[in-house]
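# Close look at the chain arrangement
In case you want the letters, here they are:
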Amino acid sequence: MSEPTPLLEVTGLRKSFRVARNKAGRNRLTALDGVDLRLGRGETLGLVGESGCGKSTLARVVLMLDRPDEGTMRFDGVDPFALKGRELLAWRRRVQMVFQDPFASLNARMTAADLIGEPWRTHRDLVPTPKQREARVRELLDLVGLRASDAHRYPNEFSGGQRQRIGIARALALEPDLIVCDEPVSALDLSVQAQVLNLLADLQQRLGVSYVFISHDLSVVRHVADRVSVMYLGKIIEHGLTEDVFDRPLHPYTAALMSAAPALEPDGTAGTGDRILLSGELPSPLDPPSGCRFRTRCWQAADRCAEEQPDPRGRGDGTLEPHEGRCHYPLSLTPMGA
Amino acid sequence: MNPLPGTATAEPEARTGEPALAVEHLSVDLHTASGTVRAVDDVSFSVHKGRTLALLGESGCGKSMTALSIVGLLEPVAEVVGGSVKAGGTDVLTLGRRARRRLAGPVLSIVFQDALAALNPVQPVGRQLGEPFRIHHGLSRREAKEKAIELMRIVGIPEPRARARSYPHQFSGGMRQRLLIAMAVALAPDVLLADEPTTALDVTVQAQIMQLLRDLRAERDMAVVLITHDLAVVAEHADDVVIMYAGNVVETGPVREVFADPRHPYTRGLLDSVPERAEKGKPLPAVGGSPPELSNVPPGCVFQARCPLARERCADERPRLTATGPARAAACHFSEELASV
Amino acid sequence: MTATLDRPDDTAAAPKRPPRWWLLLGRDKLAAVAAVVLGLVLLTALIGPLLLGDAATRQDLNASLRPPSFDHGITGLLGTDILGRSVLARLVEAAGTTLSVAIPAVLFSLVAGSAIGMWAGYHGGRRENIAMRVADVILSFPSLLLAVVVLYVFTPSVANIVFILALARIPIYLRTARAEAAELKSRLFVDAARTFGTTSWPTIYRHILPIAMPTLLTVATLDFCFVMLSESSLSFLGIGIQPPDVSWGLMVAQGRQFLQTAWWIAVLPGVAIVLTTVSATILAAWVRLATDPAQRWRLTLPTSKRGKRSVTTEVTA
Amino acid sequence: MLSSVPSRRRTRVLTALLAAALLPASACAVANSDGAGDAGAADGSTLRIVLAQEPPTLEPCESSLTSTGVVVRSNISEPLIERDPTTGELDPLLSTGWRQTGPTTWTFDIRSGVRFHNGAPFTAEDAAFSIDRAVNSDLACNVDGYVFEDEELGVEATSPTSLTVTTAEPDPILPLRLSFVEIVPRGTSTEAKVREPVGTGPYAIAGWQTGVSITLHRNENYWGEQPSFPVVRYVWRSESSVRAAMIAKGEADVSTGLDPEDATEENSIAYPNNETTALRLDGTQAPLDDIRVRKAIGLVIDRQAIARTLFDGLGEPAAQLVPDGVVGYNPALKAQAPDLGAARALVEQARADGAPLDREITLVARNDQFPRVAETAEALQYQLAQLGLNVRILMTDTAAHLQYQLRPFPENVGPVALLIMHGNQAGDAAFTTSQYLVSDGPQSTFGTRELDARIDAAEKLSGQARQNAFAAVLADQNETVAQYAYLAHMRGLLGIGDSVEYEPNPATGDELRLADVRPAKGQGR
Amino acid sequence: MTTFLRKRIVSSAIPLVVVVLGVFILARLTGNPVDLYLPLSATAEQRAAFSAEHGFDQPILVQLWDYLGQVVQLDFGESLRTGQPAAEMVLEAFPATLQLAAVTMLIAIVGAVLIGSLAAYRPNSLADRTSSFLSMTAASIPDFWFAIMGVLVFGVSLGILPTSGVTGGPEVWVLPIATLLIRPFGVLVQVVRGSMVAALSAPYVKVARSKGASEQRVVFGHALRNATMPVLTVAGDLTIGLVNGAVVVETIFGWPGIGKLMIDSILQRDFAVLQAAVLLTAVTIFLLNILIDVCYALLDARVRQAVPA
């Protein structure tokens, strides 16, 4: 899967925000702490983690909505942060986003046609005439499974799934190479979620777009992603091919995450297995634990975990694709939850 | 008439004695732009102490409105137009405002979905948690606070005494949900309604919260009505399930039986669209289309437009909830057909 | 397209055109009445003077302070003032002046305040700081006194009155717009616009303005009232609209001395001010609902259900 | 976890804030609660007077300012001589007699046995000091300019009871001028004006609560007859209707300057107040530089209708700047009735000669100059417009009005018609002509050399010759100069409550003699 | 909180300076007051002497510099009109206005909260519509008109209130306060109603009801405090606006406050007093804004802990 020049490659991204001072007098919230990512063309990268782990910040940096404090980003070989003016605008066209909340990300006072056509108001040359615009909106509506007559309705007149389709159509309006999907289905009902996931898969097949697919729902990620990165407190603590990560997690957090998610067995029971119920809460990102970030909730933490930050360690099973986890004591090779 | 009153009452051994909550033929109308619509249509179910009943359905199916009718918190645009809600033997719908308030807390209690919005942002949480004791037991502020601290300890909030003075925004989402649950179970209600209690939470926290609810149910011998759209949560935590679609009950019965052998095409469609059960790389078997708008519910079967089995009969005749097993029922003309699939 | 991407069902998505605005207005009696009143005021201001000729300025010292009656033709209907001028004709004439002060003043402060406010709120940081300090400065001057000083320095012409009244109100819009913009800039659809490469002013125009507008509009209607009253207060202090121009505020101010002897001179323009502002407020509340696609449906409800607390998302979802 | 203030403490803070907001209110710090209003109780022993405005100062040498003089003059301080406002005769006050003892010298006999409020005896030295202070000092007293026109006077106390005053030029009306100088004790500051002076008058200042009231107490050691009321309280309300309401309600006994619409038979008395209203036409600017236009304006103004309607009959249509009773009043000059035809004819002549009649004329008037001044301006504008004149109204405040009224006049403002109200309180036309008629008079825009000469001559005369000369001057101005288009000799309205009796005179507006106010019959002390 | 206050104070110092500059220059633009204070016939020399004495002959920047130098030493100059120190006059007049404004706003807020809450509790009920209509009307009545009507009706016709003045019992406060009150009250009722409607539809209100809380408790215990926030902002603006009303009220009722003092100072070109008065007003407004911020922080812990802007 990996190619000589990946579509997107970020290395060592760091980003922190100034917030109100906490008791300990700290006011810098570290959202990203040395994040590396690689994404090939036509590929889907799943990004998993709990709220506050930094996955949305990562998405915002990739979209250049926020500027990182440190680290580099290359998109198709160029650093988009170095671009200006026309080139920047051209780059904007290539990366688009689908948001989690289809209601909040659509301006409620615009019709579906306005919303889908909005990007062209900035990129005027793309679809210059009103007539063309109208036709293209119809095409896009059709592409995402909406009807031409929906063009003049307002977001509140659509169901959640339909709204998300509008969001996807809008992201497609600029014919991007990469779409960052930030929890695109978590606000949707189950039956609709399936429709939207199918739509995304279908679009990837037909248009060859790449996805960064952010979700906290492991079953969804497992279904759509080619590769998975797991984030915890601003760090990627495990990454690898989807099957590798899900079937043979290296990091205890990954294992806990998977076991916490309720599963539905075909016999109608819940496949709980031996549940690892994590104690405690996510530590404050203002004051992350020393050493391994996960040690405060880890059931197998040792003294060393408090002192040393673990480096990524790969599995030595000889697969082509690296599968690495940041843990001093990676889990054994036996698959979890078997 | 519903041929099986109390069908959802789960297994035989639990059916002894009065149910803690019995909802019968509940109908709720909603006054909207395009006129009055039926948001909840002839819904019946009951639940005994110590058991959990899940109200399962997608947004807009009427499950939340059913819950709100039970606790008497419907918005003024909605109106209960029929049926009864018996809690502890009395029909709460016939009670006056004052009498109904007396039940709110000790008998019927509810946990809402969005804990941040559900907690008053400008009051310290200790005060909010103590409020039920002040209202119903007439405790002083100081006594109520002690009770609140005890509650916080019970639901697993560290350093409860210190944190009682904190404000909701100073807690994490999971902690807030714990606070909300603590407030709801403060007076050990007979019936606890939990409206999507974990939807906004991360999986690890969700597991903790569901465990807490389970423990509290056992400890306080409550009947729990769990309102959710999450099949996996239902499978793990509920005894019985009522599946709603467009204001109607389409299938009820013990969770295990219903999920293993759904008798309504909608239930089946839902179960099939869980990504976990689908084969990777293949399209998910989704239920096509979307639910009808309430103003536009067809006269026949409410699910007909999306149903792969739909036939002429479905367009004309609304299927009634019919027994499909000892404690089960489904509202489909062709439920038999599904069983054989 | 794969089979799973089913079209929404026909019945489910039956096109539901939003009702025409006049139908909506027709359903709301109060707003309809308000609209009619405002329409009449506007019409009066526009064509009234054409019909009247010089009736508003024609003096007849022998017909001074006639009470309203039917004896003196249409111009005598609402009585005369001390100079024997027709109060009715003056009310009509004053409508134009009043509106030509109030509307530009409100518009000017609305446009300037909102633009600066949204710009400040959207960008934040130093720009926001500077804008807010400017607002502080203007607010620290008692506006009536500022008006008095400025109108003494520069003559009290209509343009100056408009300018000074508008200037005094800019901070109100500035603050409101800034707060709205600061809140809205973190909304997802603004982020979405940024991902298309939309720059700040188009974003403000497309996404922040339409949402902040109803609030600003509500402020503006309150201000409409404020401007008319301020203009009246200026007349009370003798530096408002200068005769022979006449505004309602000036009529109230000049008529105050006759409250005991000739009530109609001050009371009638006062009623005109009250009617206009109350109508504007009512209509603004209505517009606020009518321009919001998510709220518009409320207007189709019978009034008794209207203001009821918001319906759960289940209804609209 | 972040810190938070315990809620109990916050409640307390809020309570404290509330209390802080309430406290001053309940404490009523502004008011001493005797429950009787600012002017005091209607107990019969306090005379309660409501003025239109608070006096800026009670400095006696500023008493030609109406708002100061009405309180000070002949109440707190007294002049050597006083003029009877009705007859115009000069009566002895602190001076018992006076005579011209040389061409430029006057000698005054000083009353003995008079004491100031502070107990100091009054002597000729004090009189000399006072005149010197008012006229020759750097205080820039109003009386200096108004009355003495910056004459330098030689003043000398030749004995404790005798005073001589020397003028540079012969001054036949020096005693009249000196009736404007209020006497203060030696030691009164000559550097700065005093706010609360000491005088010899029947009342002494007992207290001045800034913004609220001035209280006078009867001077028990007064040399003359004791006034009726032991206490006098002045308050001020700028709205005429409020002043009228106070009279009606019994909160005040006397009110100055009521507007006609607030006055009723019961609560007020009208009196001629020596004020005359007129339009001063700037003869230096076209088209007002054409005497035909000026005369036409005089002809077109319907002063009868204005006096009847706008002044509610409280005005006598005027044909000259001074009213009857003033030396120099010309009874032969009759107020014209409007004659539109004649006026138009004049204007047409002017137009034919190229007068730019469409040039905008600014009609400047002052707010609160007299009741219904704005309406008067509008009426004038309307009437002038009938001549085809293009008139714009400019209502100003006092300061701006003064800029138009006084030399140097504002430049580049085009032709100005200034609405003036002239009060000749001294009773001699010389005070009018020197200001308003001579070519370079401080309040005159232009004139003629001939008229200047006649005025100059008239000022040197006395007796009937003086009267005749000034009467001729006034008639001449109307014929040959026509700088003024007259409106009316005004009458004031004094609000009088049931509990007191007072007969106003032409000077009442400037000098409200408290000694003349008595309790109404049947009212106990 | 202290950091917050410190920043707030520092950032507000600049506006204060600008206000001082602004009023100084604007006042000078109204013209030299020499005509007002010298006899009508004063000579050119006298005028020049007067101008020199008060510094009016200097270039405006020099005047300004001198003035600032004096202000730094807390010397605000003397009144041209009365010769008293300007600071003294202003400080003497200030409490009267402050009391009036404080009592007015207290009544306005308390009254508006009660009536607005009542209206919000049953939206579109008769009570709601009535109070909305009346409050809108109240907000659009010219204050001087209201004041004179009050004097005529309650002072004269009914005779139950004094017509004007400050001396006397609580009754002297009634008309001035009523006059000042109408507009803020009318506006506030509508604002309270609006934010109360929003607060009453918040989920935490539903939760309170689910606990069996009485309606009283729901409205006053839960919704009110949340609804107070927007009310506070508007109330602050209205309080600032009271200075305008005070000019009218004090003029009509003979209330010896700073509003009347300011307007008189303008009319009399009494620059020193005007400048001192505007400065004091600006400082008061500035303190008021801080007070509002503090109130916000007291009412809402989220504000206390927010990032300072």
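Calculation rules
Residues numbered from 1 in each chain as written. Chains lettered and ligands numbered in written order. Predicted model: local features only at pLDDT ≥ 70, side-chain atom pairs only at ≥ 80, totals over all residues. Heavy atoms only, no water. Helix = DSSP H or I, 4+ residues; strand = E, 2+ residues; numbered from the N terminus. Rg over C-alpha atoms; globule rule 2.2 N^0.38 Å. Contact = heavy atoms within 4.5 Å. Areas by Shrake-Rupley, 256 points an atom, 1.4 Å probe, with all protein chains shown as cover. Lys, Arg positive; Asp, Glu negative; His and termini not counted. Charge placed at Lys NZ, Arg CZ, Asp CG, Glu CD. Axes fitted to C-alpha atoms, helices over the stretch in contact; angles between N-to-C directions. Parallel < 35°, antiparallel > 145°, perpendicular 65-115°, else oblique. Nonpolar A, V, L, I, M, F, W, Y, C, P; charged D, E, K, R; others polar. Domains from an automatic or database assignment. Buried area = accessible area lost by both parts, 1.4 Å probe. UniProt positions renumbered as here; feature names shortened; annotations may be inferred. Buried < 20%, exposed > 50% of the residue type's maximum accessible area, 1.4 Å probe, protein only. Pairing = 2+ DSSP bridges. Core = buried A, V, L, I, M, F, W, Y, C linked by side-chain atoms within 4.5 Å. Salt bridge = Lys/Arg side-chain N within 4 Å of Asp/Glu carboxyl O. Phe/Tyr/Trp six-rings, centres within 6.5 Å; stacked < 30°, edge-to-face > 60°. pLDDT = per-residue confidence, 0-100. Expected span 1.5 Å × (residues − 1). Left-handed = near helix turned anticlockwise from the far one by under 90°.

### Regarding the overall build of chain B
On a plain count of helices and strands, chain B comes out with 13 helices and 12 strands. Against the 2.2 N^0.38 benchmark of 20 Å for 341 residues, chain B shows a C-alpha radius of gyration of 21 Å, consistent with a compact globule. Across its three principal directions, the C-alpha atoms of chain B cover 65 × 50 × 45 Å. Put simply, 64% of the contacts in chain B that link residues at least 6 apart link residues at least 24 apart. Total accessible area computed for chain B in this model is approximately 12100 Å², and 49% of it derives from carbon and sulfur atoms. In chain B, the 38 positive side-chain charges and the 40 negative ones have mean positions that sit 8 Å from each other.

### A few points about the packing of helix α8 (residues 200-236) of chain C against helix α10 (residues 263-290) of chain C
Residues and elements named next belong to chain C. Their axes nearest at 9 Å, the elements α8 and α10 cross at an angle of 175 degrees. In this view, α8 runs roughly antiparallel relative to α10, as classed from their interaxial angle. Residues Pro214, Thr215, Leu217, Thr218, Thr221, Phe224, Cys225, Met228 and Leu229 of α8 touch α10, and the partners they reach there are Ile273, Thr276, Thr277, Ala280, Thr281, Ala284, Val287 and Arg288. Along the lines of polarity and charge, the residues of the contact of α8 with α10 split into 10 nonpolar, six polar and one charged.

### Describing the domain arrangement of chain B
Residue and element names in this part refer to chain B. Under the domain assignment used here, chain B contains domain 1 (21-245) and domain 2 (263-339). Computed over C-alpha atoms only, the centres of domain 1 and domain 2 are separated by 29 Å. If you look at the interface, domain 1 gives 12 residues, while domain 2 gives 14 residues. Carbon and sulfur atoms supply 68% of the area buried between domain 1 and domain 2, which totals about 1100 Å² over both sides.

### Describing the UniProt feature "transmembrane region" (unreviewed entry) in chain C
All names here are of chain C. According to UniProt, the feature "transmembrane region" (unreviewed entry) maps to residues 30-52, 101-122, 216-241 and 261-287 in the numbering used here. Helix and strand shares over residues 30-52 are 100% and 0% respectively, and the end C-alpha atoms of the span are 31 Å apart. Secondary structure across residues 216-241 comprises 81% helix and 0% strand; the distance between its end C-alpha atoms is 27 Å.

### Re the pairing of strand β17 (residues 484-496) of chain D
Residue and element names in this part refer to chain D. In terms of burial, β17 is a largely internal element, 12 of the 13 residues being buried. Both strand β12 (residues 268-281) and β17 contribute to a ladder of 10 bridges, which runs antiparallel. What sits directly across from Thr277, in β17, is Ala488. Pairing of strand β13 (residues 315-317) with β17 involves three bridges; the strand directions are antiparallel. In the strand pairing of β17, Gly315 is matched with Met490.

### Considering the nonpolar core
Counting residues in each nonpolar core, the largest one holds 240 residues, and the members touching the most others are Trp248(C), Leu279(D), Ile297(D), Ile301(D), Ile306(D), Leu419(D) and Ile252(E). Taken together, domain 1 (46-56 + 201-267 + 497-519) and domain 3 (273-491) of chain D each give at least three residues to this core, which thus spans both. In this structure, Leu279(D) is in contact with Ile297(D), Ile301(D), Leu363(D), Leu380(D), Ala417(D), Leu418(D), Leu419(D), Gln483(D), Tyr484(D) and Ala485(D), ignoring residues within four places of it in sequence.

### Focus: the environment of Ser265(E)
Residues and elements named next belong to chain E. As for its position among the elements, Ser265 is in helix α11 (residues 258-267). Under the relative-accessibility criterion, Ser265 is labelled buried at 0%. For Ser265 and Gly254, which are 11 residues apart along the polypeptide, the C-alpha to C-alpha distance reads 16 Å. Setting aside residues no more than four positions away along its own chain, Ser265 makes contact with Asp270, Val273 and Leu274.

### Considering the sheet that holds strand β1 (residues 8-18) of chain A
All names here are of chain A. One open sheet holds the three strands; their spatial order is β2-β1-β4, and the pairing between them is antiparallel. Looking at which strands have only one partner, the edges of the open sheet turn out to be β2 (28-39) and β4 (70-75). Neighbour-to-neighbour, the strand axes of this sheet turn through a mean angle of 25 degrees, independent of strand direction. In this sheet, β4 lies alongside β1 in antiparallel orientation, the contact comprising five bridges. Pairing of Arg14 across the sheet is with Glu70, part of β4. Here helix α1 (residues 55-62) sits on the sheet and contacts β1, β2 and β4; the angle it forms with β2, its principal contact strand, is near 65 degrees.

### Digging into the pattern of salt bridges
If the charged atoms of two oppositely charged side chains come close together, the side chains can form a pair. Tallied over the full model, the rule gives 75 salt bridges over all chains. Residue Lys249(D) is joined to Glu251(D) by a salt bridge in which the shortest nitrogen-to-oxygen separation is 3.3 Å. Here the salt bridges do not stand alone but share partners, grouping Arg14(A), Asp33(A), Glu70(A), Lys235(A) and Arg293(A) into one network.

### Some remarks on the packing of aromatic side chains
Residues and elements named next belong to chain B. Per the counting criterion, the structure on display carries 17 aromatic pairs over all chains. Residues Tyr245 and Tyr266 carry aromatic rings whose centres are separated by 4.6 Å and whose planes lie at 55 degrees to one another, so their mutual orientation is tilted. Pair noted here: Tyr245 is in strand β9 (residues 240-245) and Tyr266 is in helix α11 (residues 265-272), with a separation of 21 residues, a long-range link. The pair Tyr245 / Tyr266 is uniform in exposure class, with both members buried. Note on Tyr266 and Phe303: the rings are 5.2 Å apart at their centroids and 65 degrees apart in plane angle, and the pair reads as edge-to-face.

### Thoughts on the sheet that holds strand β4 (residues 78-87) of chain B
Residue and element names in this part refer to chain B. Across the sheet, four strands lie side by side as β2-β1-β4-β5; this open sheet has antiparallel pairing. The sheet terminates laterally at β2 (35-47) and β5 (90-91), the two strands that pair on one side only. Direction of pairing for strand β1 (residues 21-32) relative to β4: antiparallel, over a ladder of eight bridges. Residue Ala22 lies in a different strand from β4, and its bridge partner there is Lys86. Helix-sheet contacts for helix α1 (residues 63-71) involve β1, β2 and β4, and the interaxial angle to β1 is about 110 degrees.

### Remarks on the UniProt feature "domain: ABC transmembrane type-1" (unreviewed entry) in chain C
If you check UniProt for "domain: ABC transmembrane type-1" (unreviewed entry), the listed places come out as residues 95-284 of chain C in our numbering. Counted over residues 95-284 of chain C, helix gives 83% and strand 0%. Its end C-alpha atoms are 20 Å apart.

### Considering unusual backbone geometry
Residue and element names in this part refer to chain D. Cis geometry is adopted by the peptide bond preceding Pro287, which originates at Ala286 and carries an omega value of 0 degrees. The topology assignment puts Pro287 in the loop between β12 and α7 (291-300). Residues other than glycine seldom take positive phi values, yet Arg372 does so here, at roughly 60 degrees. If you trace the backbone, Arg372 turns up in the loop between β14 (360-366) and α10 (373-385).

### Some words on the environment of Arg217(E)
Along the chain, the position of Arg217(E) falls in helix α10 (residues 215-253). Among the residues examined, Arg217(E) registers a relative accessible area of 26% and is labelled partly exposed. Not counting residues within four places of it along the chain, the set of residues in contact with Arg217(E) comprises Glu131(B), Arg134(B), Ile135(B) and His222(E).

### Comments concerning the confidence of the model for chain C
Residue and element names in this part refer to chain C. When pLDDT is averaged across chain C, the result is 81; 86% of the residues are at 70 or more. In the model of chain C, helix α12 (residues 313-316) stands out as the element of lowest mean pLDDT, 30, in contrast to helix α3 (residues 87-123), which has the highest, 93. Contacts of residues 1-16 to residues separated by more than four positions or lying in other chains number 39 contacts, the stretch itself having pLDDT below 50. Long-range and interchain partners of residues 306-317, a stretch whose pLDDT sits below 50, account for 40 contacts in this model, where long-range means more than four residues apart. Here the prediction assigns the complex a pTM of 0.84, and the interface score ipTM is 0.82.

### Here we look at α10(D)
Residues and elements named next belong to chain D. When the terminal C-alpha atoms of α10 are compared, their 18 Å separation across 13 residues agrees well with the 18 Å that a helix rising 1.5 Å per residue should span. Taken across its 13 residues, α10 has 11 buried, putting it largely inside the fold. When α10 is considered as a whole, its buried residues turn out to be Val373, Ala374, Glu375, Thr376, Ala377, Glu378, Ala379, Leu380, Gln381, Gln383 and Leu384.

### What about the packing of helix α9 (residues 203-210) of chain E against α10(E)?
Residues and elements named next belong to chain E. Packing of α9 against α10 brings their axes to within 10 Å, and their N-to-C directions diverge by 155 degrees. Put simply, α9 runs roughly antiparallel to α10. Here α9 and α10 pass one another in a crossing that is right-handed. Counting all contacts with α9, which are made through Tyr204, Val205, Ala208 and Arg209, the residues of α10 involved are Glu215, Val218, His222, Ala223 and Asn226. Considering only residue class, the contact of α9 with α10 consists of five nonpolar, two polar and two charged.

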